[in-house]
Amino acid sequence: MAPPVQAEQPARSAIEDTAALGSFLDGVMRAHMAELDIPAAAIVVVKDDRILYLKGYGHANLELGTRVDPATSLFHIGSTGKLFTWTAVMQLVEQGKLDLDTDVNHYLKTFQLPNTFPEPITLRHLMTHTAGFQEGFIGYYVGNDSAHIRSIEETLRYHIPARVRPPGQLASYSNYGAALAGLIIEQVSGEQFAEYIERHIYEPLGIRYATFREPLPAALRSHAVIGYARENGAFVPKPFEIDGGFVPAGGTVMSAGDMARFMIAHLNDGRYGAASILRPETARLMHTRAFAHDPRLPGMALGFIEDQVNGTHVIGHDGDSPYFHVEMFLVPAQKVGLFVAYQGDGGVRAREGLKRVFFDRYFPESDTTPPQAAAQSSATKYAGSYRFIRMNYTDLDKVLFLFALQPINVSVRPGNRLLVTGGLEPDWAPAQFASVGENLFRQVDGPMRLAFREDSSGRVTRLFSSPTVATERVPWYEAPSLWYPILAAAGMVLLSVLIGFVYRRGDIKAMPVHERRAALLSVATASWLFLAVIAAVAVVAAYQMSILERVPFPLKIILAMPLVFVGLTAMMIVTSVRVWRRRYWTLGRRIHFGLVTLAACSLVWFFYQWNVLGWQFG
């Protein structure tokens, strides 16, 4: 039988066939918008010094019927805006005003980072996300209330995240680190951050439809793409995001047409037409790998994130905000760049699909060698649960990661293949991986690679897949598989107390005083817990995202409730001893009282382990 006919892949130069490129991209964009319910989008492709394709889709404002204009419509580009911050840093480096390897405390005028470790944090660490900060956001991150906009300096001075690991060792994506770089730009240049970007990047490149200013300047408001969310079958407009002190980390809006200018400048070593924003050697340094968890995986350049797609080297940065999702990447060897912005939740899937089909068409796979079975006698040393280290360890935020940051689980399949499941990331899981090298695995039916790292004793402690976030083995005492059953069991035991009280109130009233007090104490302990849970849910529902912007007073009151619960639990322990010594009630009821005490103790452990006792804010 003759082999099936393979569709001929276009040569790489085929991308310059703008008619074919436009037809291809237009089809992909329209299909994604219809399939994924995307109300607005814009895309631009550049090569060398020119735009190959630029188009807008959908409506910037559904109520007014305003169509997206790719040259002027402003999309919130989220963390892609960090590339402007990092470019500004490199401008000051080439001027001799900043040094990549000097302690950043040298540049900070109003506060200092703590000297937690002997090694200082440098700009190189900030640009590669290896400063060693923990993650945090409650009370000082993004919001939508322009009345509460705080300066970069004020935000960062009062909310310094704990340094939880030495710098330069592991990457953990940090918005605080990028915002800190923005503050350093201000304090070294003497210009406000947004003003600096306008004068030294926007103006030389001729960028007019972009800003880091908050709230949005009046002259640009009519160009803003409205953020919509689908509610009850209809698109509902949402407030404009305010990033406040974190604006250098991604609080910017921009048109696709103006992003093209920035991409062209970086593809041409800092030059756009007659203008230049970086010297060629500075631009090349910025695009060169500066850190990687494993040399066989993509790593970090100075601000740009590396990728390897179909064997092609790529640098770029995506961006996400509540209602917008964007992707920007450059193929330096071919001087090709693509930027796409979507409004709507479907943008996450759309950008992934677009990138995949774009590379399959114009930069097809060059390495099709299938992975082989593991050379090791056993792959069991890799098995276990791993969590991303982009989390909080010392503040109230930590409890949110218990529920939001599910572990990645690695198990062994026949042939020493690894099965990777679980986790909100990575989005390619579940998948099977086969060994392609020492501590290196490749996806059996895809391009992903995993690398593992061993400690000095030979125990595997790290799993790497992303250039910007490392993982660690989940400690047994913080595993969701431990805490979910504990919380469920404790909740059921305490709920049984309340149910019993409803049906046996008469029995309790007839008890001797000391027995009645013990029974009522258990009722009070259970009631207090459920009251605290209900109050917490009500406050979160009422304030929603504004909790990220500032800590509401009701939340501070609620955080006193676990402290009261600790007191009630202490009384339960003392009373439980008395119940058993004096043989209150029947044996079954004494056992139940003991279980209630144990449930209360487990919840106190939970409050302590996950920083819910007191007011532990970053």
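Analysis parameters
- Residues numbered from 1 in each chain as written.
- Predicted model: local features only at pLDDT ≥ 70, side-chain atom pairs only at ≥ 80, totals over all residues.
- Heavy atoms only, no water.
- Phe/Tyr/Trp six-rings, centres within 6.5 Å; stacked < 30°, edge-to-face > 60°.
- Helix = DSSP H or I, 4+ residues; strand = E, 2+ residues; numbered from the N terminus.
- Buried < 20%, exposed > 50% of the residue type's maximum accessible area, 1.4 Å probe, protein only.
- Lys NZ or Arg CZ within 6 Å of the ring centre and 35° of its normal.
- Pairing = 2+ DSSP bridges.

Caption draft 1: Structural context of the packing of aromatic side chains. Summed over all chains, the structure comprises 28 aromatic pairs. Note on Tyr-382 and Phe-452: the rings are 4.6 Å apart at their centroids and 45 degrees apart in plane angle, and the pair reads as tilted. Placement of the pair is Tyr-382 in the loop between helix H10 (347-362) and strand E15 (384-388) and Phe-452 in strand E20 (residues 449-454), with a sequence separation of 70 residues. Phe-452 matches Tyr-382 in its accessibility class, with the two residues each being buried. Taken together, the ring pairs in this structure connect Phe-24, Phe-329, Phe-358, Phe-359, Tyr-362 and Phe-363 into an aromatic cluster. Taking NZ or CZ as reference, Arg-230 lies 4.0 Å from the ring centre of Phe-235, over its face. Lying over the aromatic face of Phe-24, Arg-361 brings its terminal NZ or CZ to 4.8 Å of the ring centre.

Caption draft 2: Structural context of the pairing of strand E18 (residues 431-437). Looking at chain direction, strand E17 (residues 417-421) and E18 are connected through three bridges and run antiparallel. By the bridge assignment, Val-420 is partnered in E18 with Ala-431. In terms of strand pairing, E18 meets strand E19 (residues 440-443) through four bridges, oriented antiparallel. Looking at the pairing, Ser-435 lines up with Phe-441 of E19. Here E18 hands over to E19 after two residues, with Asn-439 in that stretch at a positive phi of 60 degrees.

Caption draft 3: Seen up close, the sheet that holds strand E5 (residues 210-211). Strands sit in the order E4-E8-E5 across an open sheet of three strands; the sheet is antiparallel. The open sheet terminates on both sides in strands that have one partner only, identified here as strand E4 (75-76) and E5. As paired strands, E4 and strand E8 (residues 253-254) are joined by two bridges and run antiparallel to one another. Bridging from a neighbouring strand, His-76 pairs with Val-253 of E8.

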